[in-house]
Amino acid sequence: MKAGAPCPYRAVTFRLVPVPVITATGLTKRYGELVAVAGIDLEVAPGESFGLLGPNGAGKSTTMRMIGAVSTRTSGDLQVLGLDPDTHGPEIRSQLGVVPQEDNLDTELRVRDNLIVYGRYFGIPRAECGRRADELLAFAQLEEKSKAKVDDLSGGMKRRLTIARALVNNPRVLMLDEPTTGLDPQARHVLWDRLFRLKERGTTLVLTTHYMDEAEQLCDRLVVVDEGRIMAEGSPASLIREHSSREVVELRFGSRRNEAAAERLEGLGDRVETLPDRVLVYAGDGEAVLEQVARLGLHPTTSLVRRSSLEDVFLRLTGRSLIE
Amino acid sequence: MTTLDEATGAAMAGAVRPRRFGALYVAEHQLRAMRSYGWTIVIGGLGQPLLYLLGLGLGLATFLDVPVGFGPDGPVPYVTFVAPALLATAAISVTTEEFTYTVMAGFKWRRIFWGMNASPIAPAQVVGGLVLAVGARMVFVSTAYALLIWAFGAVGNAWAVAVLPLLGLLGGLAFGLPLLAYSASLRDDAGQFAAVQRFVFTPMFLFSGTFYPLSTLPVWLHWIGWVSPLWHASELGRAVSYGAPMSGTTVAVHLAVLLGLTVGGWFVARRVFVGRMHG
Ligand SMILES: Nc1ncnc2c1ncn2[C@@H]1O[C@H](COP(=O)(O)OP(=O)(O)OP(=O)(O)O)[C@@H](O)[C@H]1O
Ligand SMILES: [Mg+2]
């Protein structure tokens with residue numbers, strides 16, 4: 001049966017497309033003169049892993065706070081789990097797990113007590129909070145730290161504890177605002193692994209990041225946001241396909257010679273992009289471009305062929321780098 | 001697969017307990033955190049009254065020839081006169097810590113209010129929970145005080161031991177809730193809390209008829225007493241403790257001022273919290 005096709009036997013419409021858990025239309029947030037979120041439309045399906053990718057100040061956290069029912073929207077429509085955050089904030093929040101951009105663990109309580117106290121906010125009985133705390137400490141690989149003071153944890157451990165805390169109510173949707181910013185690569189990988197597990201269990205993830213590799217790793221679908229607007233939407237692969245070539249050749253001629261070299265490269269590949277420290281040539285076949293560069297008699301100090309990434313998509317869409 | 005209706009239903013059910021008991025959960029968290037400085041609370045709660053009672057009762061009082069406090073049967077000892085005011089002061093001084101630095105910590109240093117905010121708890125319940133926990137600390141401190149002054153023989157009526165802590169609580173809230181609203185409106189502590197201590201609390205302590213009747217002061221200083229929750233709570237305390245003569249209207253005025261500040265402070269604090277947490 002086709003999606004949305006009427007069922008032949010009864011006058012009901014079966015929808016094979018799952019009903020979204022989050023629907024935003026023209027969602028806008030203004031702080032005085034400043035427009036932080038300038039009318040965005042998005043839908044998140046249950047079980048989906050959805051990302052907002054954008055540079056500093058793009059409006060990612062503001063959007064997350066409106067979805068998380070802790071910031072009143074200025075205009076537009078927003079439904080989370082079929083409810084309006086303006087009228088059903090506590091109801092919505094009871095089904096969310098929130099990992100904020102800035103940790104807000106209680107540093108005066110020990111690791112395990114942080115989970116228990118937080119579980120109480122959801123009306124979970126004390127004994128049950130204790131049981132879940134132990135389970136979550138295992139999940140977050142923090143069992144040995146159960147009695148430790150929060151301040152004695154490393155950055156990565158604190159982040160894992162924050163994620164564990166966000167799971168204490170068995171949330172339907174887990175909201176992660178820059179889950180790995182500020183962590184070293186190893187800690188990031190440990191965290192990604194935990195998030196992968198949640199994804200496998202069917203938890204809906206909504207996350208923001210300004211790391212393209214994180215978006216590529218974790219998101220089924222994402223929107224690229226800049227200055228409060230959605231620039232593009234799709235899966236990481238489809239965004240790259242649509243907005244960039246398959247490969248990129250990165251050439252460095254030394255900062256003063258880049259401009260001049262770029263002029264001579266014009267016409268190579270699909271597109272040439274000049275950055276202060278390097279020249280990028282977008283092409284289907286990077287090696288072929290390299291050969292042409294040699295034939296032109298240009299000698300870059302370094303050259304590199306790599307696959308296109310979301311960084312390139314962002315550059316293409318906004319003319320700017322993701323991480324300034 | 002879970003349907004949206006099912007999710008909506010779970011959300012409706014999930015908020016029932018937090019909507020009802022949210023303030024209690026916040027209070028539970030606050031009291032748990034107070035345990036880490038529990039000894040300071042206990043030692044401060046018992047030590048401070050002991051010092052004052054010994055110092056004033058055994059020391060200062062021996063120099064005073066003129067009686068300052070009068071019950072229905074004539075003059076009462078000086079300690080009996082100051083005791084209700086000291087008790088109210090102790091309750092109020094709890095707020096100069098719990099409704100200042102603790103609030104700034106919740107929003108900025110420890111950031112725990114933001115954690116609560118992401119849960120089903122509503123901002124008004126955060127205010128409610130803070131008030132419950134700090135109220136509990138005020139009742140503890142005033143009860144310790146009441147028992148001590150009773151042991152010192154500085155309470156006229158034995159039943160007053162049960163009523164004085166409630167007056168302490170009321171005085172504490174009347175001073176504390178407006179202070180809570182103010183503290184919650186600050187983004188930074190650039191010395192405002194120290195200023196409150198120095199330029200609000202201390203003058204109030206000295207000029208609210210704490211150590212001598214307000215009428216002893218020049219008339220142009222009386223207004224400090226009138227706006228001071230400490231004075232109103234002390235006066236009521238004296239009436240309760242040793243039956244200091246007071247008309248029904250006066251009692252009503254004292255109560256009205258204290259309740260007015262409490263209720264007014266509550267509403268403003270709630271507005272500030274909502275504005276900040278859901279803005
Ligand atoms: N409470 C607030 N009051 C006033 N302006 C705000 C407030 N919160 C955010 N803004 C502004 O809104 C814009 C978007 O901020 P937001 O925090 O949503 O960006 P972001 O995409 O999360 O950025 P980052 O990657 O730095 O976290 C910024 O210009 C920011 O200064
Ligand atoms: Mg942000």
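Small disclaimer: the values here were computed from a predicted structure and weren't measured.

Novice: Now, about the overall build of chain B: what can you tell me, with residues and values included?
Specialist: Secondary structure assignment for chain B yields twelve helices and two strands. The secondary structure elements of chain B, listed N-terminal to C-terminal, are α-α-α-β-β-α-α-α-α-α-α-α-α-α. Within the span of chain B, comprising 279 residues, buried residues form 52% of the whole. Within chain B, residue pairs in contact and separated by at least 24 positions form 77% of the contacts whose partners lie at least 6 positions apart. Counting only carbon and sulfur atoms, one obtains 71% of the accessible surface of chain B, whose full area is about 12,100 Å².

Novice: Just give me the short version of the sheet that holds strand β13 (residues 302-307) of chain A, but keep the residues and values in it.
Specialist: Residue and element names in this part refer to chain A. Pairing is antiparallel across the open sheet formed by four strands, whose spatial order is β11-β12-β10-β13. The two strands at the open ends of the sheet, each matched to only one other strand, are β11 (271-274) and β13. Adjacent strand axes in the sheet meet at a mean angle of 20° when their direction is disregarded. For strand β10 (residues 247-252) and strand β12 (residues 279-283), the ladder comprises five bridges, and the chain directions are antiparallel. Note that in β12 the partner of L251 across the bridge is V279. The sheet contacts of helix α10 (residues 286-295) involve β10, β12 and β13, and relative to β10 the element is tilted by about 35°. In the packing of helix α11 (residues 310-318) onto the sheet, the strands contacted are β10, β11, β12 and β13, and the crossing angle to β12 comes to about 100°.

Novice: An account of empty space enclosed by the protein is requested, with residue identities and associated values reported.
Specialist: On inspection of all chains with the given rule, the structure shows one cavity of 30 Å³ or more. Estimates place the volume of the largest cavity at around 70 Å³. What lines the largest cavity is a set of 13 residues, among which D106, N114, Y118 and R165 of chain A together with H29 of chain B lie closest to the centre. Only α3 (111-120) of chain A together with α6 (112-118) of chain B provide two or more residues apiece to the lining of the largest cavity. In terms of residue class, the lining of the largest cavity is made up of seven nonpolar, four polar and two charged.

Novice: An account of the coordination of the magnesium ion (ligand 2) is requested, with residue identities and associated values reported.
Specialist: Residues and elements named next belong to chain A. Every protein donor of the magnesium ion (ligand 2) is listed here as S61 (OG) and Q101 (OE1), and their distances to the metal cover 1.9 to 2.1 Å. Here S61, found in helix α1 (residues 60-67), pairs with Q101, found in the loop between β5 (96-99) and α3; they are 40 residues apart in sequence, far enough to count as distant. Under the relative-accessibility criterion, S61 is labelled buried at 15%.

Novice: Lay out the packing of helix α7 (residues 123-151) of chain B against helix α8 (residues 160-185) of chain B with the relevant residues and their values.
Specialist: All names here are of chain B. Here α7 crosses α8 at 140°, and the two axes come no closer than 8 Å. It follows from the interaxial angle that α7 and α8 lie oblique. In the packing of α7 onto α8, the handedness of the crossing is right-handed. Every residue of α8 that contacts α7 at V127, L130, V131, G135, M138, V139, S142, T143, A146, L147, I149 and W150 is listed here: V161, L164, P165, G168, L169, G172, L173, L177 and L180. Of the residues that constitute the contact of α7 with α8, the class distribution is 16 nonpolar, five polar and no charged.

Novice: So what's going on with the layout of surface pockets? Which residues, and what values?
Specialist: When its volume is computed, the second largest pocket comes out at roughly 610 Å³. If you go around the second largest pocket, you meet 23 residues; those closest to its centre are R65, V70 and P100 of chain A together with R111 and W114 of chain B. For the lining of the second largest pocket, the elements supplying multiple residues, two or more each, are α1, β5 and β6 (173-177) of chain A together with α6 and α12 (248-277) of chain B. Tallied by class, the residues present in the lining of the second largest pocket amount to eleven nonpolar, six polar and six charged.

Novice: Residue-level account of the interface of chain A and chain B, with values.
Specialist: Each partner contributes to the interface: chain A provides 39 residues, whereas chain B provides 36 residues. For the pair chain A and chain B, the two sides together bury roughly 3,300 Å², of which 55% comes from carbon and sulfur. The tally of links between chain A and chain B comes to eight salt bridges. The interface formed by chain A and chain B contains 18 residue pairs in polar contact (both at pLDDT 80 or more). Of all the secondary structure elements, the ones that give two or more residues to the side of chain A that touches chain B are α2 (85-93) and α3 of chain A. Classifying every residue of the side of chain A that touches chain B gives 17 nonpolar, ten polar and twelve charged.

Novice: Please give an account of the site of ligand 1 that cites residues and values.
Specialist: All names here are of chain A. Neighbouring ligand 1 are 15 residues, the closest being G57, K60, S61, T62 and Q101. Within the side chain of N56, one N or O atom sits 2.9 Å away from an oxygen atom of ligand 1. A distance of 2.8 Å separates an oxygen atom of ligand 1 from a polar atom in the side chain of Q101. In isolation ligand 1 has 630 Å² of accessible area, and contact with the protein removes 64% of it. Mapped onto the shell around ligand 1, the elements with two or more residues apiece are β2 (34-44) and α1.

Novice: Tell me about the packing of aromatic side chains, and please be specific about residues and values.
Specialist: If you walk through the whole model with that rule in mind, you get twelve aromatic pairs over all chains. Plain terms: the ring middles of F107 of chain B and F113 of chain B are 4.9 Å apart, the flat faces sit at 90° to each other, and that makes the pair edge-to-face. Each member of the pair, F107 of chain B as well as F113 of chain B, is classed as buried. Consider the rings of F205 of chain B and F211 of chain B, whose centres lie 5.3 Å apart with planes at 70°: the pair is edge-to-face. Like F211 of chain B, F205 of chain B is buried. Connected via pairs of aromatic rings, a cluster forms that spans Y52, F175, F201, F205 and F211 of chain B. Taking the ring centre of Y211 of chain A as reference, the NZ or CZ of R188 of chain A above it sits at 4.2 Å.

Novice: Just give me the short version of the pairing of β12 of chain A, but keep the residues and values in it.
Specialist: Residues and elements named next belong to chain A. Most of β12 sits out of view: five of its five residues are buried. The alternating pattern of β12 places V279, V281 and A283 on one face and L280 and Y282 on the opposite face, and all of these are buried. In this structure, β11 lies alongside β12, joined through four bridges in antiparallel fashion. Counterpart to T274 in the pairing with β12 is V279. In sequence, β11 turns back onto β12 through a hairpin of four residues.

Novice: Can you explain the side chain of R271 of chain A? Please cite residues and give values.
Specialist: Residues and elements named next belong to chain A. By secondary structure assignment, the location of R271 is in strand β11. Of note is the side chain of R271, whose polar atom sits 2.6 Å from the side chain of E273. Excluding anything up to four places from it in sequence, R271 contacts L280, V281, Y282 and R316.

Novice: Please set out the pattern of salt bridges residue by residue, giving values where relevant.
Specialist: Enumeration according to the criterion identifies 35 salt bridges over all chains in this entry. Across the pair R73 of chain A and D86 of chain A runs a salt bridge whose closest N-O atoms are separated by 3.8 Å. Highlighted residues: R73 of chain A in the loop between α1 and β4 (75-80) and D86 of chain A in helix α2, separated in sequence by 13 residues. For R73 of chain A, a relative accessible area of 13% corresponds to the buried category. Salt-bridge contacts for K108 of chain B lead to D188 of chain B; the nearest nitrogen and oxygen are separated by 2.3 Å. Of this pair, K108 of chain B sits in helix α5 (residues 101-109) while D188 of chain B is found in the loop between α8 and α9 (192-207), placing the two residues 80 residues apart along the sequence. For K108 of chain B, a relative accessible area of 36% gives the class partly exposed. For D188 of chain B, a relative accessible area of 42% translates into the label partly exposed. In the salt-bridge network here, residues are joined through shared partners; they are E250, R252, D277, R278, R306 and D312 of chain A.

Calculation rules
- Residues numbered from 1 in each chain as written.
- Chains lettered and ligands numbered in written order.
- Predicted model: local features only at pLDDT ≥ 70, side-chain atom pairs only at ≥ 80, totals over all residues.
- Heavy atoms only, no water.
- Helix = DSSP H or I, 4+ residues; strand = E, 2+ residues; numbered from the N terminus.
- Buried < 20%, exposed > 50% of the residue type's maximum accessible area, 1.4 Å probe, protein only.
- Contact = heavy atoms within 4.5 Å.
- Areas by Shrake-Rupley, 256 points an atom, 1.4 Å probe, with all protein chains shown as cover.
- Pairing = 2+ DSSP bridges.
- Axes fitted to C-alpha atoms, helices over the stretch in contact; angles between N-to-C directions.
- 1 Å grid on protein atoms, 1.4 Å probe; cavity = no way out; pocket = protein on both sides within 12 Å on 5 of 7 lines; lining within 4 Å.
- Points joined across faces, edges and corners; volume = space filled by probe spheres on them.
- Nonpolar A, V, L, I, M, F, W, Y, C, P; charged D, E, K, R; others polar.
- Donors = N, O, S within 2.8 Å, 3.2 Å for Na, K, Ca; no water.
- Parallel < 35°, antiparallel > 145°, perpendicular 65-115°, else oblique.
- Left-handed = near helix turned anticlockwise from the far one by under 90°.
- Buried area = accessible area lost by both parts, 1.4 Å probe.
- Salt bridge = Lys/Arg side-chain N within 4 Å of Asp/Glu carboxyl O.
- Polar contact = N/O pair within 3.5 Å; in protein donor to acceptor, adjacent residues only side chain to side chain.
- Near = heavy atom within 4 Å.
- Phe/Tyr/Trp six-rings, centres within 6.5 Å; stacked < 30°, edge-to-face > 60°.
- Lys NZ or Arg CZ within 6 Å of the ring centre and 35° of its normal.

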